[in-house]
Amino acid sequence: MKICITILFLFLFTDATAKLWRVGAGQQERSIRATINKATDGDTIFIYPGIYKEGQLIITKKLFLKGIQYPVLDGEQKVEILTIRCDGVVVEGLFFKRSGRSSYNDIAALRIADCRNAVVKNNRFESGYFGIYSQHATAAIITGNRLQSDAKDEVSSGNGIHCWKSDSMHISSNTVTGYRDGLYFEFVTNSYIKSNTSYGNVRYGLHFMFSGNNSYISNVFRDNGAGVAVMYSKNIRIQNNLFADNWGGAAYGILMKEITDSRVEGNRFQKNSVGVMLEGSNRIQLLKNVFIQNGWAIKMQASCMDNSIEQNNFSANSFDMATNGELVLNSFKKNYWDKYEGYDLNRDGIGDVPYHPVSMFSMMGERNASSMMLFRSFIVGLLDKAEKMLPVLTPVDLKDHQPLMKPLKL
Amino acid sequence: MIIASNVTKTFGKLKALDNVSVMCSKGQTIALIGPNGSGKTTLIKSMLGMVVPDSGFITFDEHNILHNWNYRSRIGYMPQIGRYPDNMRIGHVFEMMKDLRKNSTASTDEELITAFGLDKLMHKKMQTLSGGTRQKVSASLAFLFNPDVLILDEPTAGLDPVASEILKQKMIQEKEKGKLILITSHVLSELDDVVSEIIYMQDGQLKFHKSLEQLQEDTGQQKLAKAIAQIMK
Amino acid sequence: MMQTMIKYVVLDLIKNRIILVYTFFLLLMSVGMFSMDENTTKGIMSLMNLVLIIIPLVSIIFSTIYVYNSSEFIELLAAQPLKRKSLWLSIYSGLALSLSLAFMIGVGIPVLLFDGTLTGWVLVLSGLFQTIIFTGIALLAAVKTRDKAKGIGVAIFLWFFFTLIYDGLVLLLLFQFSDYPLEKPMIALSMLNPVDLSRILILLKLDISALMGYTGAVFSNFFGSGFGMLLSVLILFLWSAVPVWFSLKQFQRKDL
């Protein structure tokens, strides 16, 4: 497949006027910079193995840069290695190493600035500040890249793939680890983010704000400092992603703050301190997700309205839900809750008594964290049972009227 | 052989032993007699180290028995009530005792086991046995290791006449080997031809310690039961 | 000498009907709980209640009754050339061993077969500790009280205390002093009750996601650290040893 694409690209660029340049030890050219200067629009530059320390390279022509066996572009921790400032540039198979760092300037290993249809493909990034930085870009394709850095804290680190004021981006199959935020989007619209893996980042695996009409499909976000946080956006589609192993006092599988009219479907939330955290979010469809082994499957603030939580599986979570209010303005329907103890007399697969996902102890834990010491103790079990029969602390109207008896096949 | 000196023991308000001094020597067969609650069993238990006196001391072959446990390898003890773990078989009980006392060099004496016919019951579980059979087991255990001293607490209680007689013959036999035998009993008629000394206790006090002849002489009665009855008047 | 004694006590106990019923009951429960749900974590959660409630109950009551029922046998053994110390420790070891064996067959093996994760191991280890600790407490209760009925009463009360009353008091304390930072006192309080301590060690595996969710995460930071783990296990060992030690001291002075 890769070879096919490469050949396709070769055909595209190998038109009558295009020229092929070869850079490397024993090749006709030694310097990438010099070759870029000599080349004209539509040319292809093959870069052969070696270590190239050529400072900042700025591409203002429509070129195809192709690395053969990952030649290393070394930024010597000083400069931004490559900047694309022309439409249709393709960068493939390069190894960006040791790009510069700065505390007042967002230095990236590779920047896509003010251009259309850039392709950044199958490159490797190691040890740097920002990885791929896109600003005012349109319809760029960022795919198959591996980004790895060594961020220690939020202040001194940059983001893996950072997009700002960009549109119609296609970001897929990248692996990002060791940055501040794995994927960061601000004012990014109509984009498609698929099959990326973002793990082990200091802050968020994915962080976006003011970015509407985007789709996040089949990505993996795991083991990030604070999970995933998305804010102030509309019309988001989050489907078939995995959110896992995000642990901490402010770590969420996904935190949705003021997200509206969106769809969260078919995702798996596993072993997070909080699976889904909703704050001021309205009209979200939470459908067919799996919540398993989370501390809290869902935490929903009273500021949320008209969300529907349907056909999800809740299993082996410490708590199914917590809230700070009544939450009667949201609908819970046909979910499977493993803690449900009701019965199904008419055998239609739906429990005959409603399920209250907020337990007394989860309310107690909200008020008094030390009470966690008594979690799952005999006495708390008794109190929980008593509360179920005669609710005092828990919101009476927050309930699933049609709890499923058996888990859905998800 | 066993000497108790000024032994006192109180259980709460009850004075079980009140300044008791007694000397038991080799070759003697001593009947420890007295009404219920007179302190007989407490005295025996003190000698076995099961009860620790409040004051006074007890020696075994001139060694204080306090904090000592080895001397018990020379004692065979038959308790008043013998109860054993429910699921043990008779065979196991004997095996266990042999295992526990295997450092005692003397060869085992299994005469009573065969005399009582226990050898045919070895596979029986203890919980299925009658009180009498359990007593037979206890008696056989006491004699099993050929000890120098035998302490028998109400040995014939619960035994049928035949078994009683077997046990008595065994006692006489052992007495002739020069062993010290201590018996508490209130069925006095049976002790006539076994006993050589009498210790009489009442309310925790030792009333007298006499040889059988002396007692017969003092009371003018031949039968032990009648002699005691005379004293108790 | 002790090994011989222990051998015979165990041989007697493994044929005991109550022990057999107990083993079978545990086995039934654990297999039932695991096969009811394809999710083994839930099985572990249900078993946790079994381990923390039933195991202490059976261990303490059975051991207490056993000691009372064996009083004549113990007397007989005390008249043998044995140290009281080895006699008493043999009875303790025999009881603890037999009950542990029942637990291992009833819960240990199914857990390790069905689950086999670290959580499972922690659960099994906790169960073993509960068995040993409550056998020890039973011996202390039995040696301190001469009367059988009273002794069994004390045993039941102690079980009730450790599994319910203690936590009730802690709960009360929590809400009385909810304005104060209580995390550290809570850690100390959980050390004072072997049931709580075991439960927290299991929680640490089962509910780590939630425990980490609290700001500060005091519990997981403390109990999750190498030091905390070590201290917890040490305290559990102390709980296994201290009551037995007191009971031994008492038994050595006791008039039989």
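Residues numbered from 1 in each chain as written. Chains lettered and ligands numbered in written order. Predicted model: local features only at pLDDT ≥ 70, side-chain atom pairs only at ≥ 80, totals over all residues.

### Details of the overall build of chain B
When you go through chain B residue by residue, the secondary structure sums to 7 helices and 10 strands. Taken over C-alpha atoms, the radius of gyration comes to 18 Å for chain B, in line with the 17 Å a tight globule of 233 residues would show. On the principal axes, the C-alpha backbone points of chain B span a range of 50 × 40 × 35 Å. The buried share among the 233 residues of chain B stands at 44%. (Helix = DSSP H or I, 4+ residues; strand = E, 2+ residues; numbered from the N terminus. Rg over C-alpha atoms; globule rule 2.2 N^0.38 Å. Buried ≥ 20, exposed ≤ 12 C-beta atoms within 10 Å, placed from the backbone.)

### What about the overall build of chain A?
Across its full length, chain A carries 4 helices and 38 strands. Oriented by its inertia axes, the alpha-carbon framework of chain A measures out at about 85 × 40 × 30 Å. Buried positions account for 49% of the 410 residues belonging to chain A. For chain A, restricting intrachain contacts to residue pairs at least 6 apart in sequence, the fraction spanning at least 24 positions comes to 48%. (Contact = placed C-beta atoms within 7 Å.)

### What about the sheet that holds strand β4 (residues 55-60) of chain B?
Residue and element names in this part refer to chain B. One open sheet holds the 4 strands; their spatial order is β2-β1-β4-β5, and the pairing between them is antiparallel. Looking at strand neighbours, the two that pair on one side only are β2 (14-24) and β5 (63-64), the edges of this open sheet. Note that strand β1 (residues 2-11) and β2 share 7 bridges and pair antiparallel. Residue pairing for β2: I2 is matched across the bridge by C24. Those strands touched by helix α1 (residues 40-47) are β1, β2 and β4, and its axis lies near 60° from that of β2. (Pairing = 2+ DSSP bridges. Axes fitted to C-alpha atoms, helices over the stretch in contact; angles between N-to-C directions.)

### Points about the domain arrangement of chain A
All names here are of chain A. When its domains are assigned, chain A resolves into domain 1 (19-221) and domain 2 (226-358 + 395-410). On the domain 2 side, the residues contacting the 19 residues of domain 1 number 18 residues. If one sorts the elements of the side of domain 1 that touches domain 2 by residue count, strand β22 (residues 206-209) sits on top with 4 residues. (Domains from an automatic or database assignment.)

### Focus on the interface of chain A and chain C
Facing 28 residues of chain A, the contacting portion of chain C comprises 31 residues. Its residues placed into classes, the side of chain A that touches chain C shows 12 nonpolar, 13 polar and 3 charged. (Nonpolar A, V, L, I, M, F, W, Y, C, P; charged D, E, K, R; others polar.)

### What about the nonpolar core?
Of all hydrophobic cores here, the largest spans 262 residues; its most connected members are L110(A), V228(A), L32(B), V93(B), I151(B), L182(B) and L211(C). Per-element accounting of this core gives the leading share, 14 residues, to helix α6 (residues 118-144) of chain C. (Core = buried A, V, L, I, M, F, W, Y, C linked by C-beta atoms within 7 Å.)

### Observations concerning the pairing of strand β1 (residues 20-23) of chain A
All names here are of chain A. A one-sided burial pattern is seen for β1, the buried positions being W21 and V23 and the unburied ones L20 and R22. Summarising the sheet, β1 and strand β2 (residues 44-47) pair through 4 bridges and their orientation is parallel. The residue of β2 that forms the bridge with R22 is F46.

### Comments concerning the arrangement of the chains
Taken together, the 2 pairs of chains in contact show their highest number of contacts between chains A and C. With respect to C-alpha atoms, chain A approaches chain B no nearer than 35 Å, and the pair has no contact.

### As for the packing of helix α2 (residues 17-36) of chain C against helix α3 (residues 40-69) of chain C
Residue and element names in this part refer to chain C. The contact between α2 and α3 brings their axes to 9 Å, and the two run at 165°. Accordingly, the angle class assigned to the pair α2 and α3 is roughly antiparallel. For the pair α2 and α3, the sense of crossing is right-handed. Across the interface between the two elements, I18, Y22, M29, S30, M33 and F34 of α2 pack against T40, G43, S46, L47, L50, V58 and F62 of α3. Looking at the contact of α2 with α3, its residues break down into 9 nonpolar, 4 polar and no charged. (Parallel < 35°, antiparallel > 145°, perpendicular 65-115°, else oblique. Left-handed = near helix turned anticlockwise from the far one by under 90°.)

### A look at unusual backbone geometry
With phi around 55°, S173(A) is a residue other than glycine that occupies positive phi space. Structurally, the position occupied by S173(A) is in the loop between β17 (170-172) and β18 (175-177).

### Concerning the pairing of strand β31 (residues 282-287) of chain A
The two faces of the sheet receive side chains in turn, since in a regular strand these alternate between them. Residues and elements named next belong to chain A. As judged from the 5 bridges shared by strand β28 (residues 252-265) and β31, these two strands associate in the parallel manner. Bridge assignment links S262 to a residue of β31, and that residue is I284. Here β31 runs beside strand β34 (residues 308-310); their pairing, made up of 3 bridges, is parallel. Paired with L286 across the two strands is I309, which belongs to β34.

### Brief notes about the sheet that holds strand β3 (residues 29-33) of chain B
All names here are of chain B. Read from one edge of the open sheet, 6 strands run β6-β7-β8-β3-β9-β10, paired in mixed fashion. Sheet topology places β6 (75-78) and β10 (205-211) at the edges, where each strand pairs with a single neighbour. Across the sheet, the mean angle from the axis of one strand to that of its neighbour is 15°, orientation sign disregarded. Here 4 bridges tie β3 to strand β8 (residues 180-184), and the two strands are oriented parallel to one another. Bridge pairing in β8 places T29 opposite I181. Contacts from helix α6 (residues 212-219) reach β9 (197-202) and β10, with the element oriented near 100° to β10.

### Focus: the packing of α6(C) against helix α9 (residues 194-206) of chain C
When two helices pack together, their arrangement is given by the angle between their axes and by how far apart the axes lie. All names here are of chain C. Put simply, α6 and α9 touch, their axes get as near as 9 Å, and they point 175° apart. Here α6 lies roughly antiparallel to α9, going by the angle between them. Contacts from L118, T119, V122, L123, S126, F129, Q130 and I133 in α6 reach P194, S198, L201, I202, K205 and L206 in α9. Here the contact of α6 with α9 is composed, by residue class, of 9 nonpolar, 4 polar and 1 charged.

### Examining the environment of S308(A)
Residues and elements named next belong to chain A. Its place among the elements puts S308 in strand β34. For the pair S308 and F332, spaced 24 residues apart in sequence, the C-alpha to C-alpha distance is 6.0 Å. Once residues within four sequence positions are removed from consideration, S308 is found in contact with Q285, L286, N330, S331 and K333.

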